[in-house]
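If you want the building blocks of each chain, they are given just below.
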Amino acid sequence: MKIAIASDHGGFELKQELIDHYAKEGVVLQNLGTDSTDSCDYPDIAKKMAETILLKQADLGILICGTGIGISIAANRCRGIRAALLYDDFVAEMAKKHNNANVIVFGGRTMTTQDVIRRIDIFNQTAFEGGRHLRRIEKIEEEK
């Protein structure tokens, strides 16, 4: 599985910790930026991630901003993106099981690295149930 990761300045430190952690496990996270704690705009980062996912250059995206709220709102503005803010372990499971999220989101200033790693692992170890949940996802994707 190809996983891309990106953050704004508020999520930069957590992003680097995740890249380092998963590299030790032999998992390479494709870093889409930002590359410092210099202020930048999260909508630009979310758009870059959305393009990466929609062009199938990655199977899963991880986005991080200060709280995870702004960047998840921006990502969800892109048709075809289902970004879920994984603020607890149950939500991490359900984001995959019922929503088949293709982008998972975290708060660099509101979550610990250990909690985020656990939630990523829960998400990745969970299967999408399909069925009625697929029907609901298809309704989200319908043209209006």
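Refer to the structure above for everything that follows.
Residues numbered from 1 in each chain as written. Predicted model: local features only at pLDDT ≥ 70, side-chain atom pairs only at ≥ 80, totals over all residues. Heavy atoms only, no water.

### Considerations on the packing of helix H2 (residues 42-54) against helix H3 (residues 69-76)
What counts is decided by this rule: Lines fitted to C-alpha atoms define the axes, with helix axes restricted to the stretch in contact, and inter-axis angles between N-to-C directions lie between 0 and 180 degrees. Numbering goes from the N terminus for both helices and strands, where a helix is a DSSP run of H or I of at least four residues and a strand is a run of E of at least two. Orientation is classified from the angle alone, with under 35 degrees giving roughly parallel, over 145 giving roughly antiparallel, 65 to 115 giving roughly perpendicular, and any other angle giving oblique. Handedness of a crossing is defined here by the sense of rotation of the near helix relative to the far one, left-handed for an anticlockwise turn of less than a right angle and right-handed for a clockwise turn. Contact criterion: two residues are considered in contact whenever any of their non-hydrogen atoms come within 4.5 Å of each other. Any residue outside Ala, Val, Leu, Ile, Met, Phe, Trp, Tyr, Cys, Pro, Asp, Glu, Lys and Arg is labelled polar, Gly included; the first ten of those are nonpolar and the last four are charged.
The interhelical angle for the contact between H2 and H3, taken along N-to-C directions, is 45°, at an axis separation of 8 Å. On the basis of their axis angle, the class for H2 and H3 is oblique. Viewed along their axes, H2 and H3 form a crossing whose handedness is right-handed. Contacts between H2 and H3 involve Tyr42, Pro43, Ile45 and Ala46 from the former and Gly70, Ile71, Ala74 and Ala75 from the latter. Considered class by class, the residues forming the contact of H2 with H3 number seven nonpolar, one polar and no charged.

### Observations concerning the nonpolar core
How we decide: Throughout this description, the term nonpolar core refers to a set of buried Ala, Val, Leu, Ile, Met, Phe, Trp, Tyr and Cys residues connected via side-chain atoms within 4.5 Å. Burial here depends on accessible area, computed with a 1.4 Å probe over protein chains only, as a share of the maximum for the residue type. Under 20% is buried, over 50% is exposed, and the range in between is partly exposed.
Ranked by size, the top nonpolar core spans 23 residues in total, and within it Leu18, Ile62, Leu86, Ile104, Phe106 and Ile120 carry the most contacts. The set of elements that each furnish at least two residues to this core consists of strand E1 (3-7), helix H1 (12-24), strand E3 (60-65), helix H4 (89-97), strand E5 (103-107) and helix H5 (113-125). By size, the runner-up hydrophobic cluster in this structure holds 18 residues, among which are Leu32, Leu63, Ile71 and Ile81.

### Points about the sheet that holds strand E4 (residues 83-85)
Applied cut-off: Two strands pair under a simple rule: DSSP has to find at least two bridges between them.
Pairing is parallel across the open sheet formed by five strands, whose spatial order is E2-E1-E3-E5-E4. Looking at the sheet topology across the chains shown, the edges are occupied by strand E2 (29-31) and E4. When strand polarity is set aside, the average angle formed by the axes of neighbouring strands in this sheet is 25°. Of the pairings in the sheet, the one linking E1 to E3 comprises five bridges and is parallel in character. For isoleucine 3, the partnering residue across the bridge sits in E3 and is leucine 60.

### Observations concerning unusual backbone geometry
For the bond running from glycine 33 to threonine 34, omega is -5°, close enough to zero to count as cis. Examined against the element boundaries, threonine 34 turns out to sit in the loop between E2 and H2. At lysine 56, a residue that is not glycine, the phi angle is positive and equals roughly 60°. Inspection of the secondary structure puts lysine 56 in the loop between H2 and E3. According to the relative accessible area criterion, lysine 56 is exposed, its value standing at 70%. One non-glycine residue, asparagine 100, lies in the positive phi region at around 45°. In this structure, asparagine 100 sits in the loop between H4 and E5. The exposure class of asparagine 100 is partly exposed, given its relative accessible area of 23%.

### Examining a positive patch on the surface
Let me state the cut-off plainly: Like-charged residues within 9 Å of one another, or nonpolar side chains (Val, Leu, Ile, Met, Phe, Trp, Tyr) within 5 Å, are grouped into patches, provided each residue has over 30% relative accessible area and no salt bridge. Using the Shrake-Rupley algorithm and a 1.4 Å probe, accessible areas are obtained, with residue cover drawn only from the displayed protein chains. Any carboxyl oxygen of Asp or Glu that lies within 4 Å of a side-chain nitrogen of Lys or Arg is treated as forming a salt bridge with it. Counted as positive: Lys and Arg. Counted as negative: Asp and Glu. His and the chain ends are not counted at all. A charged residue contributes its charge at one atom only: NZ of Lys, CZ of Arg, CG of Asp or CD of Glu.
Among the surface-exposed residues, Arg132, Arg135, Arg136 and Lys139 lie close enough to one another that they form a single positively charged patch. Among the structural elements, arginine 132 can be located in helix H6 (residues 132-141).

### Section: the pattern of salt bridges
This model, assessed by the stated rule, comprises four salt bridges. Measuring nitrogen to oxygen at the nearest pair gives 3.4 Å for the salt bridge that ties aspartate 89 to arginine 119. In this pair, aspartate 89 is assigned in helix H4 and arginine 119 in helix H5, connecting sequence segments 30 residues apart. For aspartate 89, a relative accessible area of 28% puts it in the partly exposed group. Its relative accessible area of 8% is what places arginine 119 among the buried residues. For aspartate 115, the salt bridge identified is with arginine 118, shortest N-O distance 2.9 Å. Of this pair, aspartate 115 and arginine 118 are both found in helix H5, three residues apart, which corresponds to roughly one turn of the helix. By relative accessible area, which is 35% here, arginine 118 ends up partly exposed. Taken together, the shared-partner salt bridges connect Asp89, Asp115, Arg118 and Arg119 into one network.

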